[in-house]
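# Results of the structural survey
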Amino acid sequence: MKKRVFWFVVGSQFLYGDEVLRTVEKRSAEMAEELTKKLPYPLVFKTIGVTADGITKIIKEANYDDECAGIVTWCHTFSPSKMWINGFELLQKPYLHFATQYNREIPNEEIDMDFMNLNQAAHGDREHGFIAARLRMPRKVIAGYWQDEDVIARIASWMKAAVGVAVSKEMKVMRFGDNMREVAVTEGDKVEVQKKLGWQVNTWAVGDLVKEMNAVTEAEIDAKMAEYTAKYDIATDNTGAIRYQAKEEIAIKKMMDREGCLAFTNTFQDLYGMEQLPGLASQNIMAAGYGYGGEGDWKVAAMTAILKAMGENGNGASGFMEDYTYHLVKGQEYSLGAHMLEVCPSLAAGKPRIETHHLGIGMNEKDPARLVFEGKAGKGIVVSLIDMGGRLRLIVQDIEAVKPIMPMPNLPVARVMWRAMPDLTTGVECWIQAGGAHHTVLSYDVTAEQMADFARMMDIEFVHIDKNTTPEALEEKLMLMDIAWKLK
Ligand code: MN
């Protein structure tokens, strides 16, 4: 994993004299150090901003530093914000304005004019906020005391979203073959997506993958089999099918790593020279933090990798998902999500089983091995990125996953069952109204707020369907957003 850090730049000015500036510097360094102990990424105190030239210089450095995933600013004292204009106009990294204060309390006996001049974040942060608003900067504002756990948790959450931005800007997607024929929602403007999100989406021949598979050695397959045996329960005698998946996985991963790709797609309509659609192969690659999209869906593949990077430990509980079937019994309304094979084991409630079954779709000469499991229960989100023509729309829906309410013994794939918010049928109406795809990224550890942060930083449209959404309000919002985005 690449090293990521955030820069802490603290606003002040010369007006109060050297001693105040030295105190501001000392306290800012102390705050960054203390916060770093509790944050998922280091917060590095860089400098105090006291002149336009100095601020411009530090922002230019932030832009060009590959490890810097964003800047956090705060004004200990007043910091006249015309000084920040030239720098802010150049800023290309995610930006958080942390409105806090060094001291928690107003000290009744001690407070005098000197104290007020030193501790006037309430004053300084408003001037600072105005200039960002005036410049129409995409930014996150978090206010609260810097030692409070809930405040630190919010900064941590934003940092992870900002890391999602960094991963997005470095994203390379390997496509084996094109999209599934005639499907609309998996299409999209790759040039526009590269401009907006940074993704390099390119194609490689399935024949090249077959060539790579043929070069995989028995020893490499033996090592992969040992990994499978350690991680999963083997529930089939068809060892040949598992070994074939191991060969596919090794070859796909070699090609991706050689090109620096973090996500890939394939389609059952183009498996020329392969015996089986990669099932277990794709699932085990996803478990290592890579993104995948079925039927050539490169948008969901890249988004899967981004949400994984935003999750816990840089490889969270997020996976490629597809809405398949509903259970519409009154009071027990659920979606059943699965895919023909490729559901990520990071969503699993227990230890997945490797099974082999016939797969009727596509050109599978042999029964592909796949991981079968039940998804975890718990709160989550489903995420879909769609191309509206001229702009991208990111749709996020809150869900509540449950232990599947029936065992479904003849279903030969991994399954997740959930209730979409605000309720199943209203949720479906809203999702369809917004144009959300059948493919999504389902995540247990990335939040809707983080996806809103991501969309803001990327300057793309964001639609959130939650427990309070109504179809009427959503329809009106979509209409207004359509006008707004055309004017933007
Ligand atoms: Mn699909």
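The numbers attached to residues start from 1 for each chain and follow its sequence in the written order. Selection of residues for local features in this predicted model requires a pLDDT of at least 70, selection of side-chain atom pairs for listing and counting requires 80 or more, and totals for whole chains, interfaces and linings are taken over all residues. Side-chain measures were taken over the full set of non-hydrogen atoms in the model, leaving aside hydrogen atoms and water.

This part covers the overall build of the protein. Broken down by element type, the protein carries 15 helices and 19 strands. Computed over the C-alpha atoms, the radius of gyration of the protein is 25 Å, within 12% of the 23 Å expected from 2.2 N^0.38 for a compact globule of 488 residues. Taking the principal axes of the C-alpha coordinates as reference, the protein spans close to 80 × 55 × 40 Å. When the 488 residues of the protein are sorted by exposure, 56% land in the buried category. A separation threshold of at least 6 residues defines the contact pool for the protein, and within that pool the share at least 24 residues apart is 79%. Computed by Shrake-Rupley with a 1.4 Å probe, the accessible areas treat only the displayed protein chains as cover when residues are assessed. Approximately 21,100 Å² of the protein is accessible, and the part contributed by carbon and sulfur atoms is 52%. Numbered from the N terminus, helices here are DSSP runs of H or I no shorter than four residues, and strands are runs of E no shorter than two. Throughout, radius of gyration means the C-alpha value; the globule benchmark is 2.2 Å times the number of residues raised to the power 0.38. Relative accessibility thresholds used throughout: buried, under 20% of the residue-type maximum; exposed, over 50%; partly exposed, between the two (1.4 Å probe, protein chains only). Throughout, a residue-residue contact means that at least one pair of heavy atoms, one from each residue, lies within 4.5 Å.

Our focus in this paragraph is the sheet that holds strand β9 (residues 263–265). Strand pairing is assigned whenever DSSP detects at least two bridges linking the two strands. The strand order β7-β6-β9-β10 describes an open sheet built from four strands, whose pairing is parallel. At either margin of the open sheet sits one strand with a lone partner, and together these are β7 (200–204) and β10 (291–293). Across the sheet, the mean angle separating the axes of adjacent strands is 20 degrees when strand polarity is ignored. Pairing between strand β6 (residues 172–176) and β7: five bridges, direction parallel. The residue of β7 that forms the bridge with K172 is Q200. Across the sheet, helix α10 (residues 239–259) is in contact with β6, β7 and β9; its angle to β6 comes to roughly 140 degrees. Axis lines are fitted to C-alpha atoms, over the contacting stretch for helices. Their N-to-C directions set the angle, which ranges from 0 to 180 degrees.

The next point concerns the domain arrangement of the protein. Note on interface size: it is often stated as the accessible area lost on association of the parts. Per the domain assignment, the segments making up the protein are domain 1 (5–169) and domain 2 (172–487). Its C-alpha centre places domain 1 at a distance of 37 Å from the equivalent point of domain 2. Taken residue by residue, the interface counts 17 residues in domain 1 and 17 residues in domain 2. In this description, buried area is defined as the sum, over both parts, of the accessible area (probe of 1.4 Å) that is lost when the two are combined. For the pair domain 1 and domain 2, the two sides together bury roughly 1,400 Å², of which 58% comes from carbon and sulfur. For domain 1, the biggest contributors to the area lost against domain 2 are K140, K160 and S168; these three give 35% of the whole. We define a salt bridge as a contact between a side-chain nitrogen of Lys or Arg and a carboxyl oxygen of Asp or Glu at a distance within 4 Å. There are four salt bridges connecting domain 1 and domain 2. Here K160 and E312 are joined by a salt bridge, their closest N and O atoms 3.2 Å apart. Throughout the structure description, domain borders are defined by an automatic or database domain assignment.

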